[in-house]
Each structure stands twice: as structure tokens, then as C-alpha cells.
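Results of the structural survey
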Amino acid sequence: MLVIVTENAPPRLRGRLAVWLLEIRAGVYIGSPSKRLREFIWNQVLEGVEDGNAVMAWNTNTESGYDFLTVGKNRRVPVDFDGLRLVSFKPLDEPDKAL
Amino acid sequence: MLPPLKPIAMKERISMIFIEYGEIDVLDGAFVVIDKTGVRTHIPIGSIACIMLEPGTRVSHRAAALAARVGTLLVWVGEAGVRLYASGQPGGARSDRLLYQAKLALDDQARLKVVRKMYELRFGEKPPERRSVEQLRGIEGARVKKTYENLAKRYGVQWCGRRYDPSEWDTSDVPNTCLSAATACLYGITEAAILAAGYAPAVGFIHTGKPQSFVYDIADIVKFETVVPVAFQIAAKNPPQSQAERLVRLACRDVFRESKLLGKIIPMIEEVLSAGEIEPPKPAPEAVAPAIDDGKPLGDAGHRH
């Protein structure tokens, strides 16, 4: 199972993703491609995302059962907790101005 | 209205998360760590067996309440994740299970059977017949010493025996630091599992006199096939003390997943206790059952629902 969520992505990338995946909501794509196809699709995202941002999540045999990749600027950034990947949510202001 | 929160079963959870620093609070009903720059990190509290809180954390009342509601053990730890204090449901939540465990521990015959089962599971063979608990402990001690030496040799680690002083952490050598960090991880999830199964961590069979006696009993069964080799493996790379803990935790997480420990540990507790061959006590006929039925639980027997 694979999920890609795009935000502010150019229409040509969204069209491209819909070639292999199902767009179930605006910018949300699902599918169950092989590892090779997954890497191929992610490469398309990297090439086509421009000023937008995207995240791709898929199931793995890690402890959490999934992994994900991100591209582009987003307030949510991945963090590593001793091997477990979580997400930090940045405040709106510059981090050093808050508090 | 959202339906009320319920704990999920231990086997469906991730082993542990260490939180190093930050204020832990609840935002919109979710468990969040907020660092001093305002960065928020959501912790999926309900799908974790235990949260290890390191010295730089502060926990709010609401966060602790949420952890309790979803049946997640909070463990306050010191250096290398060594446990200081935990809040789950200390003492357990099921009187029938507590009485069963206590009955087994109080009956010399049953206790010996339980101890023999523990050694059998641990060493993969039945211990010699007609030995007392003390004699079995002696056999175990010698075997453990040998196992440490063998593992040290296999991974090429210089080993001068299991030595550590919790009050003087920095004086411990790298293999001992790795071992302490690794066993701390195992003890954390074992305590969470014992509480989830509805038993008391303090009522031990081989170990006694500590709030976690039963935790050590159960953890020892799997310790030498899971976290101890991991500790030696990391120690063999001779990492700097500051990195040793992180590497050990990463490796522990892997070994917990590979061995499917969280799925096995509660059935193992039941297996060990059933070796005592005592019927779990029935409630007294005149006792009053709960007035309100809580519906079908998603979690384990010892979880509050």
C-alpha cells in the first residue's frame, strides 16, 4: 500500500501521478506498486513538485510497519526518535522568535 | 460526540519511545511534546507499549491522564534509560489475577513449579529434578556468567564481568553501559506487558524484594536471546559513551520487532504461571459485579476499560 499526498503541486505532476495511482481526494493518491515502481514514482515527484510539497508513505517490515519520504517545504518535518520516525510541527513564526 | 478512548492490545503496539526534552501536554486530544522553540511533535501514545521520559521532560496532568486512558506505561528514567519511577496502574487492575499470582507465590510447591518453568523456557531444557529454588538459582548464576563470557568472546569484547554502579554511571565500561541501556529497554516493555496482563510487577518468583521483582523474572527468560547479544554487538563497535545508548536502543527496537516480543510476552507470562497448576480463584458468590458493563474491550485483560 502506498499513499502520496501533494500540496500546492503543479497540475502536470498531479496528472502524472494519476497515471499510476488513484486520486481519491484532491492531491491524495493511493496504490500498491512494487518497490521499483515506487522509487520511479517518487522520482517523478522530486522532478515535478517545483514550489509545492509532497509526502509518500508505504508499508514496510519495520516496527511501525511503514516508512515515508518528504519533499518540499512544510511545517511538518520528520524527526527520528531512536529509530522510530515521527513528525514535528513547526510554529508559524521563525523558530527562534517564538518564546 | 467521539466514542470514549480504549487501550489496544500489547501485541499491536510499538515497543518504546524515549523522549529527551520538552513539555509534554495534550493538544486537541493528542499527546504532544513541545520543545522550547515551539516545535510540536505528536506521539502516537495509544500504539506504544511504554514511553521513557528522560531527565529533560515535564509532563502535564492531562498528558498523564491520556496515557492512563490508553493504557500506556509512562516510565521516568535516568541516564541510559535506567528506570526511576513508572506510572501505569501500579499494583495491577485485576483482583482475580493478583490473587492468582499471589497464591502461586505463597504456595512452595506451586512456586517451585513456576520457577522450574521459567528456567525451562529460558535454557530450552528442563532443569535437574529435585532442586530447591536456591539450588536452581545457583545453577542459573553459573550459566549466566558463562553466557556473558561466551558472548563477549563471540563479539570480541573485552569483558571483566557484569559491573555497574547506578550512582556512578560514568565509571562503568562500554560493555556494561550497553548492557544496562539494553536491559532498561527490555524491563520497560516487560513491565508494561505485566501490567497489561493484570499482574503485579512486585510479586516475583525467583527475584524478590524489589518493586519490579516479577519484571526481572519474566525479562530474564528472554534477555539472553534478545537484548544481551545486541548489547555486546554494539559494545564490539566500541562507540563513544554518548552514542552507545542511541545505538543500543535502535538495535533493541529491531530485536523486539524481529522476535515479535510484544506479541509473545503476555502468552509467556500465562504459560509460566499456569505451570504452577493452580486454578485461578473464582469470585466469591456474594461479591457484587460491576454495575455498568463497559462493553467489549480492545485491549488486554489487565487494561482498564
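Residues numbered from 1 in each chain as written. Chains lettered and ligands numbered in written order. Predicted model: local features only at pLDDT ≥ 70, side-chain atom pairs only at ≥ 80, totals over all residues. Heavy atoms only, no water.

An unreviewed UniProt entry lists chain A under the name Type I-E CRISPR-associated endoribonuclease Cas2, from Allochromatium tepidum.

Focus: the overall build of chain B
In terms of helices and strands, chain B carries nine helices and six strands. In terms of C-alpha radius of gyration, chain B reaches 20 Å, essentially the compact-globule figure of 19 Å for 305 residues. Principal-axis analysis of the C-alpha atoms gives chain B an extent of 60 × 60 × 30 Å. Every one of the 305 residues in chain B was classed for burial, and the buried ones make up 48%. In chain B, 67% of the contacts between residues at least 6 apart in sequence involve partners at least 24 apart. Put simply, chain B shows about 15400 Å² of open surface, and 54% of that area lies on carbon and sulfur atoms. A gap of 3 Å separates the mean positions of the 40 positive and 36 negative side-chain charges of chain B. (Helix = DSSP H or I, 4+ residues; strand = E, 2+ residues; numbered from the N terminus. Rg over C-alpha atoms; globule rule 2.2 N^0.38 Å. Buried < 20%, exposed > 50% of the residue type's maximum accessible area, 1.4 Å probe, protein only. Contact = heavy atoms within 4.5 Å. Areas by Shrake-Rupley, 256 points an atom, 1.4 Å probe, with all protein chains shown as cover. Lys, Arg positive; Asp, Glu negative; His and termini not counted. Charge placed at Lys NZ, Arg CZ, Asp CG, Glu CD.)

Thoughts on the pattern of salt bridges
Tallying each qualifying case throughout the model produces 25 salt bridges over all chains. A single network of salt bridges, built from pairs that share partners, joins Asp82 of chain A together with Glu54, Glu245 and Arg249 of chain B. (Salt bridge = Lys/Arg side-chain N within 4 Å of Asp/Glu carboxyl O.)

Section: the packing of aromatic side chains
Summed over the entire model, instances satisfying the criterion amount to nine aromatic pairs over all chains. Ring geometry for tyrosine 187 of chain B versus tyrosine 216 of chain B: centroids 4.9 Å apart, planes at 65°, classification edge-to-face. With a gap of 29 residues between them, tyrosine 187 of chain B in helix H5 (residues 174-197) and tyrosine 216 of chain B in helix H6 (residues 213-223) connect regions that are remote in the sequence. Pairwise contacts between aromatic rings join Tyr148, Trp159, Phe224 and Phe232 of chain B into one cluster. Sitting above the plane of the phenylalanine 68 of chain A ring, arginine 85 of chain A keeps its charged end 4.3 Å from the centroid. Sitting above the plane of the phenylalanine 18 of chain B ring, arginine 249 of chain B keeps its charged end 3.5 Å from the centroid. (Phe/Tyr/Trp six-rings, centres within 6.5 Å; stacked < 30°, edge-to-face > 60°. Lys NZ or Arg CZ within 6 Å of the ring centre and 35° of its normal.)

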